[in-house]
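# Working through the structure, step by step
The lines below spell out each chain.
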Amino acid sequence: QVQLVESGGGLVQPGGSLRLSCAASGSIFSGSAIRWFRQAPGKQRELVASISSGGVTNYADSVKGRFTISRDNAKNTMSLQMNSLKPEDTAVYYCNALYAGLINYWGQGTQVTVSS
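Read on for a plain summary of the structure. Sequence order as written defines the numbering, with residues in each chain counted from 1. Given that the model is predicted, a residue must reach a pLDDT of at least 70 before its local features are reported, and side-chain atom pairs must reach 80 or more before they are shown or counted; all residues, however, enter totals for whole chains, interfaces and linings. Side-chain measures were taken over the full set of non-hydrogen atoms in the model, leaving aside hydrogen atoms and water.

## Observations concerning the sheet that holds strand β7 (residues 67-72)
Within a sheet, each strand pairs with its neighbour through backbone hydrogen bonds, oriented either parallel or antiparallel. Rules: Pairing between two strands is assigned when DSSP locates at least 2 bridges connecting them. Here a helix means four or more residues in a row that DSSP labels H or I, a strand means two or more in a row labelled E, and each is numbered from the N terminus. Axis lines are fitted through C-alpha atoms, for helices just across the contact stretch, and the angle between N-to-C directions can take any value from 0 to 180 degrees.
Taken in spatial order, the four strands of this open sheet run β1-β3-β8-β7, and their pairing is antiparallel. Each of the sheet's edge strands pairs with one partner strand only, and the pair in question is β1 (4-7) and β7. If you compare each strand with its neighbour and ignore which way they point, the axes differ by 15° on average. When β1 meets strand β3 (residues 18-24), the two strands line up antiparallel, connected through four bridges. Bridging across to β3, Leu4 finds its partner in Ala24.

Printed below as a string of structure tokens:
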């Protein structure tokens, strides 16, 4: 069974930085597209960033230029570096692995709070 475990969330001041990490078990990681989602209270889940198995990245307009998604296939980990954080970035962040374009695996979620 594939397990995704997230870490790195917390409280940060506006303009600060956080780095979220997600560690995956199993052997599906290198062949999966990796995505980070977030969901704020009362709002729909939002795709924040993605990186394909070939390394192509995409970002939501709201985070472009501030967030960077990366993956380390050798370690079966993925990260989201978040800089210049804004209060509107406050949400629960979820890592996701899309295997073979068909099966989704989800992390448990980690809270990011941006507040002064």
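Don't stop here, the text continues.
## Some words on the state of the cysteines
Heads up, the rule is: The disulfide criterion is simple: two cysteine sulfur atoms within 2.5 Å. Burial here depends on accessible area, computed with a 1.4 Å probe over protein chains only, as a share of the maximum for the residue type. Under 20% is buried, over 50% is exposed, and the range in between is partly exposed.
One pass over the full model with this rule turns up one disulfide. The partner cysteine of Cys22 in its disulfide is Cys95, sulfur to sulfur 2.0 Å. Between Cys22 and Cys95, the S-S dihedral sits near 45°, and the bridge is therefore right-handed. Here the residue Cys22 occupies a position in strand β3, and Cys95 occupies one in strand β9 (residues 91-99), the gap between them amounting to 73 residues. On the accessibility criterion, Cys22 (1% relative accessible area) is buried.

## Observations concerning the nonpolar core
Threshold: Throughout this description, the term nonpolar core refers to a set of buried Ala, Val, Leu, Ile, Met, Phe, Trp, Tyr and Cys residues connected via side-chain atoms within 4.5 Å. The contact rule is simple, with two residues in contact once any of their heavy atoms fall within 4.5 Å.
Residues Leu4, Trp36, Phe67, Met78, Leu80, Met82 and Tyr93 are the most contacted members of the largest nonpolar core, which totals 29 residues. Elements represented by at least two residues in this core include exactly β3, β4 (32-39), β5 (46-51), β7, β8 (77-82), β9 and β11 (110-114). Residues in contact with Tyr93, not counting those within four places in the same chain, are Glu6, Leu20, Trp36, Phe37, Arg38, Val48, Phe67, Leu80, Met82, Gly109, Thr110 and Val112.

## Quick word on the packing of aromatic side chains
How two aromatic rings sit relative to each other is given by the distance of their centres and the angle of their planes. Here is the rule: The criterion for an aromatic pair is that two Phe, Tyr or Trp rings (for Trp, the six-membered ring) have centres within 6.5 Å, with stacked assigned to planes under 30 degrees apart, edge-to-face to planes over 60 apart and tilted to the rest.
A complete count under the given rule lists two aromatic pairs for this structure. On the basis of an interplanar angle of 50° and a centroid distance of 5.0 Å, the ring pair of Phe37 and Trp106 is categorised as tilted. Placement of the pair is Phe37 in strand β4 and Trp106 in strand β10 (residues 103-106), with a sequence separation of 69 residues. On the basis of relative accessible area, Phe37 is assigned to the buried category, the value being 8%. Residue class for Trp106 comes out partly exposed when judged on its relative accessible area of 31%.

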